[in-house]
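Coordinate inspection notes
Now for the letters of each chain:
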Amino acid sequence: MRIAGLVAQARLDSPLGPLTAAATDKGLAGLWFDGQAHHPGPLDAPDNPRHPVLAQARRELAAYWQDASVGFSVALDLQGTVFQRQVWRALLKIRPGSTSSYAVIAGRAGSPAAGRAAGAAIGRNPVSIIVPCHRVLGRNGSLTGYAGGLERKRALLHREGALPP
């Protein structure tokens with residue numbers, strides 16, 4: 001995956017492992033756990049943790065780790081197909097402590113019969129945690145696919161109160 005217009009990247013610490021954040025002039029374009037599926041690999045952008053978008057993402061994530069009910073307001077530059085961006089916008093509507101299903105997200109993205117395609121788009125979400133793909137469960141409520149790994153998905157949902165401990 002190539003991300004157009006990257007201007008900065010930074011490494012961020014988290015309770016669930018290190019993250020790489022990437023920004024364009026428009027907003028946060030990537031946030032990946034080390035080793036997660038669909039990680040883009042080395043980025044062609046200078047290391048600049050003081051970049052305003054990356055600094056804001058760091059602050060907001062720090063607040064999230066303290067209180068998982070807080071929201072995010074960092075600008076996003078989500079790059080993908082039209083359908084992927086529709087799915088990712090639908091994910092942003094799932095509130096902390098809540099979950100949804102692939103079918104519901106497909107419907108919110110304007111394609112109710114495209115549950116599998118929505119699942120593929122969710123798996124390609126470039127901005128982990130902030131675009132909350134971890135809040136999507138299987139039809140029967142099961143924990144299914146998460147590019148960052150099911151243990152991280154479980155931990156995020158526990159943190160947000162969406163799953164019992």
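First, a word on scope: everything that follows refers to the structure included in this document. (Residues numbered from 1 in each chain as written. Predicted model: local features only at pLDDT ≥ 70, side-chain atom pairs only at ≥ 80, totals over all residues. Heavy atoms only, no water.)

Comments concerning the nonpolar core
Inclusion rule: We define the nonpolar core as a collection of buried residues of types Ala, Val, Leu, Ile, Met, Phe, Trp, Tyr and Cys that are connected through side-chain atoms lying within 4.5 Å of one another. Working definition: with a 1.4 Å probe on protein chains only, accessible area under 20% of the residue-type maximum means buried, over 50% means exposed, and in between means partly exposed. Helix and strand assignments come from DSSP, with helices taken as H or I runs of at least 4 residues and strands as E runs of at least 2, each series counted from the N terminus.
Within the largest apolar cluster, 39 residues are counted, with the highest numbers of intra-cluster contacts made by Leu28, Leu31, Val87, Leu91, Ile105, Ile122 and Ile129. Every element with two or more residues in this core is listed here: strand S1 (6-12), strand S2 (19-24), strand S3 (28-33), helix H1 (52-66), helix H2 (82-91), helix H3 (102-108) and helix H4 (115-123). Top element by residues in this core is H1. It accounts for six residues. Ranked by size, the runner-up nonpolar core spans seven residues in total, among them Leu6, Ala29, Trp32 and Leu43.

Some remarks on the packing of aromatic side chains
What counts is decided by this rule: Note on aromatic contacts: the rings of Phe and Tyr and the six-membered ring of Trp form a pair at centre separations within 6.5 Å, being stacked when their planes are under 30 degrees apart, edge-to-face when over 60 apart, and tilted otherwise.
Taken as a whole and judged by the stated rule, the model has two aromatic pairs. Geometrically, the ring pair formed by Tyr64 and Trp65 is edge-to-face, given 5.1 Å between the ring centres and 70 degrees between the ring planes. One exposure class covers both Tyr64 and Trp65, and it is buried. Measuring from ring centre to ring centre gives 5.6 Å for Tyr64 and Phe72, while their planes differ by 35 degrees; the resulting arrangement is tilted. One aromatic cluster is present, built from ring pairs that chain together Tyr64, Trp65 and Phe72.

Things to note about the pattern of salt bridges
Applied cut-off: Each reported salt bridge corresponds to a side-chain nitrogen of Lys or Arg within 4 Å of a carboxyl oxygen of Asp or Glu.
Considering all chains together, one arrives at three salt bridges under this definition. Across the pair Arg135 and Glu160 runs a salt bridge whose closest N-O atoms are separated by 2.7 Å. Of the two residues, Arg135 sits in the loop between H4 and strand S5 (136-137) while Glu160 sits in helix H5 (residues 150-160), which places them 25 residues apart along the sequence. Residue classification places Arg135 among the buried residues on the basis of a relative accessible area of 5%. Residue class for Glu160 comes out buried when judged on its relative accessible area of 10%. Note that Arg154 is salt-bridged to Glu151, the shortest N-O span being 2.6 Å. Residue Arg154 and its partner Glu151 are both found in helix H5; the two are separated by three residues, about one turn of the helix. On the basis of relative accessibility, which here comes to 29%, the residue Arg154 falls in the partly exposed class. You can call Glu151 exposed: its relative accessible area is 58%.

Functional significance is not addressed by these values, which are geometric in nature.
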